Amino acid sequence: MLSRRGLYDVEQSTKRYAKSPVTLCNLGVGATFGESILHDLPRDSTVVTKTTCELLRVEQQDFRLIWEKNKELMNDIINSCKLKNGFGPSVSATNTSPTKRPLSPDHPNPALPITESPSPAMNRMGWALRTLLVADNSSCLKDRKVSGKLIRKCAPGTEFVDWLVNLSPIVHTRAQAAGMWQALLEEGILSHVNKEQPFKDKCFLYRFRVDEDGTAGTPSTEDINAANEQIRESLSALFQRGPDATLRMILRKPSHERTTEELELVFEELLHIAALSHLSTSIKRELSSIIVFESHAQAGTILFSQGDEGRSWYIILKGSVDVVIHGKGTVATLKSGDDFGKLALINDAPRAATIVLKENNCHLLRVDKEHFNRILRDVEANTLRLQEHGKDVLVLERVAKQRGQHSAFKYTVMSGTPAKMLEHLLETRLGNQVGGVDPFLDDFLLTHIVFMPVVQLVDELANYFHCDVSDGAQTPEEREYIMNFKKRVIQFMQKWVMAVRHAAFDEPSVCDFIEDLAAEVEADPELHEETSIIHNILTQMSRYQDDRNQNTGQKWKLPPNGQPICLFSGNMTPSKTVIRPDDDIIFRVYCADHTYCTLRFPLHTTAEIIKACAADKLQLNRGPEDLCLVEIKSNGERSVFKDNDVSIPTGLSLNGRLFVSTKDHLDALTPLPEQEGATEAPEVDVEIFSTKELAYYITIFDWDLFWAVHEYELLYHTFGRHHFGKITANLDVFLRRFNELQYWIVTEIVVTPSISKRVALLRKFIKLAAYCKEYQNLNAFFAVVMGLSNMAVSRLQQTWDKIPSKFRKLYQEFEALIDPSRNHRAYRVFVGKLQPPLIPFMPLLLKDMTFAHEGNKTSLDGLVNFEKMHMMAQTMRTLRFCRSRSLGLEPPSPKSEGDVRPYISCLRVIDNQRVLTAMSQKIEPTRKL
């Protein structure tokens with residue numbers, strides 16, 4: 001309430017003076033009261049009018065919406081109002097008490113379990129942790145008095161966290177430990193003593209359920225030994241559950257309780273939910289504050305019935321539901337990732353079907369109608385549409401600026417025509433008045449090739465730079481405006497060259513335009529201050545041209561025995577040598593009878609030309625329209641190339657071969673006999689090399705391959721090389737390296753008949769993964785661990801049983817890190833804390849690119865969807881960040897008897913899973929029960 005007129009008394013009854021309330025203070029015009037509705041608190045005082053009064057009233061729902069959008073400002077206002085209105089400290093403390101607040105029924109209590117009973121695995125883990133805590137004489141579990149009541153075996157959250165961090169080396173941070181305890185709390189194994197708090201690394205008291213029930217006894221020596229064994233085997237599983245439990249806890253909080261860090265965590269999660277992919281980034285960011293987690297324990301529960309009012313939109317996180325329509329029965333079953341209920345919510349229509357839970361313990365995300373409609377209204381209110389000739393040409397969104405910037409708001413680009421976005425960029429993101437880092441410019445430079453080819457971009461820039469050519473007399477203001485635009489074009493070119501490096505000079509028109517700019521700058525005194533910029537650009541261009549001339553005629557060879565691509569000189573590891581589109585490559589093309597011809601073509605050659613030339617040499621007397629170029633993999637799978645595909649030889653799998661065939665004889669194509677065997681490699685025993693040496697030289701080799709991959713290749717790979725007529729050879733070679741490392745691990749183990757040698761190899765490869773992780777070669781780390789988890793290796797139970805527990809535990813930690821659940825959350829959290837240089841897990845970056853591409857349209861109502869470009873540029877910037885510092889590893893002391901570098905550049909690999917599994921069965925047959 002806000003007083004506009006009149007006087008009021010604020011009264012409060014006490015136990016001592018129950019019949020005569022005490023007047024706490026008097027309120028007049030401008031005073032506010034009633035802020036307790038924010039937290040659903042009961043009124044702790046009475047407001048009585050003394051004169052005729054006028055008030056402005058804000059309903060609870062509207063007040064909460066205002067609060068959510070202006071938390072910092074509202075907090076200051078409310079605090080100042082309390083002081084101005086005369087409330088004392090005790091009243092203020094009552095109003096902000098976090099423990100007495102009843103939660104809104106729309107938000108499940110994050111202090112309560114999400115299941116009716118714990119899962120057996122979590123029950124065992126809770127038992128093991130409690131057993132070790134009770135057995136520890138210095139344990140934090142103690143009897144404590146709380147408000148005069150004795151609470152058995154409880155401890156503060158801070159001490160629970162301290163104990164768990166000290167228990168295991170896999171728990172690196174207090175936040176990880178808190179998440180693990182929250183995972184136990186949401187299963188009902190642990191709880192806050194008053195059932196009012198989720199797990200927090202604070203002084204709130206928690207205890208195990210068995211101590212609450214009084215059903216637990218003192219553990220025996222056997223119990224303690226069993227608990228230690230349980231912890232060794234299962235703590236990593238609890239570690240994996242921690243991040244998900246933390247996220248669920250946040251999603252069960254009311255909106256106004258979610259911190260900025262928590263909102264960012266939820267937002268990042270929403271980015272990877274397919275059901276939300278069609279929504280703009282701004283809507284997802286708004287949803288992060290109001291989306292709610294709810295769980296349902298029993299199958300058969302009716303979520304809503306046909307004909308009900310549409311109040312919420314649901315997304316299934318776990319479990320499944322049946323869609324039931326009167327007279328038709330179950331018409332569909334929706335599973336994890338699907339959504340339902342949005343249509344009735346948007347159209348304000350009754351539910352068209354009944355939703356029945358099909359499984360126990362279903363997890364859902366819920367968006368309520370009032371919040372969703374409010375978000376849509378707010379986004380539309382903050383949207384600015386610029387039109388030309390009655391059509392939208394630029395759509396901007398007003399977003400809050402960061403602290404320290406001059407004005408309260410700025411506009412970011414959501415969509416637009418290519419030309420209008422370029423104009424907006426030159427006007428607002430370049431010039432001396434622009435400060436700070438703004439992603440729009442960098443996003444445009446990294447992704448413009450999708451919607452604005454280089455030739456078109458150069459033409460537009462030339463038009464802006466020469467805008468004064470046809471003008472007659474100019475006023476001083478007009479001249480100043482024109483010169484500022486010329487300077488911005490020069491600055492744009494500088495930013496472009498810095499962002500994409502040598503790729504900016506691949507198009508001859510760019511080099512011609514730069515030389516034109518240099519001539520203009522030299523001739524026009526008003527542009528002399530841009531001389532240093534243009535000289536820097538010219539220096540970069542000269543280096544590019546010198547490098548290009550030096551490597552002209554570079555030839556590559558794809559060996560016929562499955563070895564990696566190499567320079568024709570035979571050098572397997574050219575230091576940071578980039579494969580260029582006009583480089584030649586020598587390769588074989590086979591036909592159905594396994595005869596072949598050897599071809600030499602530039603890498604940008606299309607599949608259509610290759611198949612025509614191969615057919616001619618192999619004397620296949622058929623027209624081009626009847627022929628196709630196809631890869632036959634070692635397992636017999638076929639992959640047919642489109643006529644406009646380029647970079648064909650570098651895109652082959654490890655043991656793949658290129659065939660030309662008539663379309664009606666594709667089924668007759670079979671792999672070459674040698675494809676089922678291992679690729680040719682030096683006959684060297686891997687045991688003669690020290691593990692650290694192997695990791696070091698693998699990292700050096702991989703770094704050179706990673707360094708050669710340009711950010712544009714991610715776009716070419718995602719949209720299709722044929723759309724750009726560009727090669728992805730460097731990316732192809734790097735991806736092939738991942739598969740090579742992965743299958744090398746499997747191959748080395750299954751070709752070793754001696755169990756003692758296999759045990760030694762497993763230990764060596766687990767250590768290799770550890771060193772790769774230490775060197776921040778995460779691509780190789782993933783390859784090694786995935787090789788160890790391959791079915792042909794993981795089934796070797798007799799071998800694994802002989803591995804020391806220390807190595808098994810280390811391997812479990814690595815498995816937890818590569819766990820793909822929740823969109824590789826464990827890896828993303830880990831890599832987010834690293835500093836460059838590092839080699840990222842490339843397949844995940846490509847997955848992010850594909851998700852952004854397939855989940856978002858490139859064009860919206862004839863305009864470029866620039867939010868999609870921003871998402872893709874974020875992933876492309878990851879490559880730049882990882883390589884922002886040069887690799888400077890200290891080489892280990894040489895201990896090997898041979899040279900490790902040739903060995904790691906050409907590994908022995910079998911990539912046929914059927915063959916690998918058969919070899920695994922041979923060395924360790926399945927035991928018959």
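Whatever comes next refers back to the structure up there.
Sequence order as written defines residue numbering, which begins from 1 separately in each chain. For a predicted model such as this one, the threshold for reporting local features is a pLDDT of at least 70, and the threshold for listing and counting side-chain atom pairs is 80 or more; totals across whole chains, interfaces and linings nevertheless cover every residue. With hydrogens and water excluded, all non-hydrogen atoms of the structure serve as input to the side-chain values.

As for the pairing of strand β12 (residues 312-318)
Throughout, exposure labels follow a simple rule: accessible area from a 1.4 Å probe, protein chains only, divided by the maximum for the residue type, with under 20% read as buried, over 50% as exposed, and the rest as partly exposed. Under the scheme used here, helices are H or I runs from DSSP no shorter than 4 residues and strands are E runs no shorter than 2 residues, and both carry numbers assigned from the N terminus. Along β12, 5 of the 7 residues are buried, which leaves the element largely enclosed by surrounding structure. If DSSP finds at least two bridges between two strands, the strands pair. Note that β12 and strand β17 (residues 362-368) share 6 bridges and pair antiparallel. For Lys318, the partnering residue across the bridge sits in β17 and is His363. Sheet topology places β12 next to strand β15 (residues 339-340); 2 bridges connect them, and they run antiparallel. From the neighbouring strand, Tyr314 faces β15, where its bridge partner is Phe340.

Some points on the sheet that holds strand β4 (residues 46-49)
Ordered by their spatial adjacency, 3 strands build an open sheet running β3-β2-β4, and the pairing between neighbours is antiparallel. On the outer flanks of this sheet lie β3 (22-27) and β4, each paired with one strand and no other. Across the sheet, the mean angle from the axis of one strand to that of its neighbour is 30°, orientation sign disregarded. Here the axes come from fitting lines to C-alpha atoms, over the contacting stretch only for helices, and the angles between their N-to-C directions go from 0 to 180 degrees.

Structural notes on helix α25 (residues 778-788)
Buried residues dominate α25, accounting for 10 of its 11 residues. Where α25 is concerned, the buried positions are Leu778, Asn779, Ala780, Phe781, Phe782, Ala783, Val784, Val785, Gly787 and Leu788.

A short note on the pattern of salt bridges
When a carboxyl oxygen of Asp or Glu is within 4 Å of a side-chain nitrogen of Lys or Arg, the pair counts as a salt bridge. The final tally for this structure, using the stated rule, is 45 salt bridges. Put simply, Arg479 and Asp524 hold a salt bridge, and the shortest N to O gap is 3.4 Å. Here Arg479, found in helix α16 (residues 476-500), pairs with Asp524, found in the loop between α17 (508-523) and α18 (531-550); they are 45 residues apart in sequence, far enough to count as distant. Classification of Arg479 by relative accessible area gives partly exposed; the value is 22%.

Re the environment of Trp181
Within the fold, Trp181 resides in helix α6 (residues 174-185). Of the residues examined, Trp181 reaches a relative accessible area of 0% and is grouped as buried. For Trp181 and Gly126, which are 55 residues apart along the polypeptide, the C-alpha to C-alpha distance reads 9.4 Å. Those residues in contact with Trp181 that sit more than four places away from it in its chain are Leu129, Leu133, Phe160, Val161, Trp163, Leu164, Leu190, Phe199 and Phe208. Whether two residues are in contact is decided by their heavy atoms, any of which lying within 4.5 Å being enough.

Topic: the environment of Ala226
Note on placement: Ala226 falls in helix α8 (residues 221-251). Exposure remark for Ala226: the relative accessible area of 37% places this residue in the partly exposed category.

Notes on the packing of helix α23 (residues 729-750) against helix α24 (residues 755-774)
Running from amino to carboxyl end, α23 crosses α24 at an angle of 160°, the nearest separation of the two axes being 9 Å. Comparing their axes, α24 and α23 come out roughly antiparallel. Considering how the two elements wind past one another, α23 and α24 form a crossing that is right-handed. Of the residues in α24, those touching α23 at Trp744, Ile745, Glu748 and Ile749 are Arg758, Leu761, Leu762, Phe765 and Leu768. Roughly parallel covers angles under 35 degrees, roughly antiparallel covers those over 145, roughly perpendicular covers 65 to 115, and oblique covers all other angles. The hand of a helix crossing depends on one turn: near helix anticlockwise from the far one by less than a right angle means left-handed, and clockwise means right-handed.

Examining the sheet that holds β17
Read from one edge to the other, the open sheet built from 4 strands follows the order β10-β17-β12-β15, with strand pairing classed as antiparallel. With one partner strand each, in any of the chains shown, β10 (292-296) and β15 form the two edges of the open sheet. Lying on the sheet, helix α12 (residues 369-381) is in contact with β12 and β17; it crosses β17 at an angle near 50°.

Some words on the packing of aromatic side chains
For Phe, Tyr and Trp, rings pair up if their centres lie within 6.5 Å, where Trp contributes its six-membered ring, and each pair is then called stacked (planes under 30 degrees apart), edge-to-face (over 60) or tilted (otherwise). The tally for this structure, following the rule as stated, stands at 37 aromatic pairs. Centroid distance Phe505 to Tyr544: 5.6 Å. Interplanar angle 35°. Geometry classified as tilted. Taken together, the residues span a long stretch of sequence, with Phe505 in the loop between α16 and α17 and Tyr544 in helix α18 at a distance of 39 residues. Pair check on accessibility: Phe505 and Tyr544 agree, each one buried. An aromatic cluster of at least three residues, connected via ring pairs, comprises Phe440, Phe444, Phe451, Phe492, Trp496 and Phe866.

Some remarks on the packing of α23 against helix α33 (residues 913-923)
At their nearest, the axes of α23 and α33 sit 9 Å apart, and the two run at 30° to each other. Between α23 and α33, the angle is such that the two are roughly parallel. Viewed along their axes, α23 and α33 form a crossing whose handedness is left-handed. Within the contact between the two elements, α23 uses Tyr743, Val746, Thr747, Ile749 and Val750 and α33 uses Gln913, Leu916, Met919, Ser920 and Ile923. Classes in brief: Ala, Val, Leu, Ile, Met, Phe, Trp, Tyr, Cys and Pro nonpolar; Asp, Glu, Lys and Arg charged; the others, Gly included, polar. A breakdown of the residues in the contact of α23 with α33 according to their chemical character gives 7 nonpolar, 3 polar and no charged.

None of this, on its own, says anything about what the molecule does.
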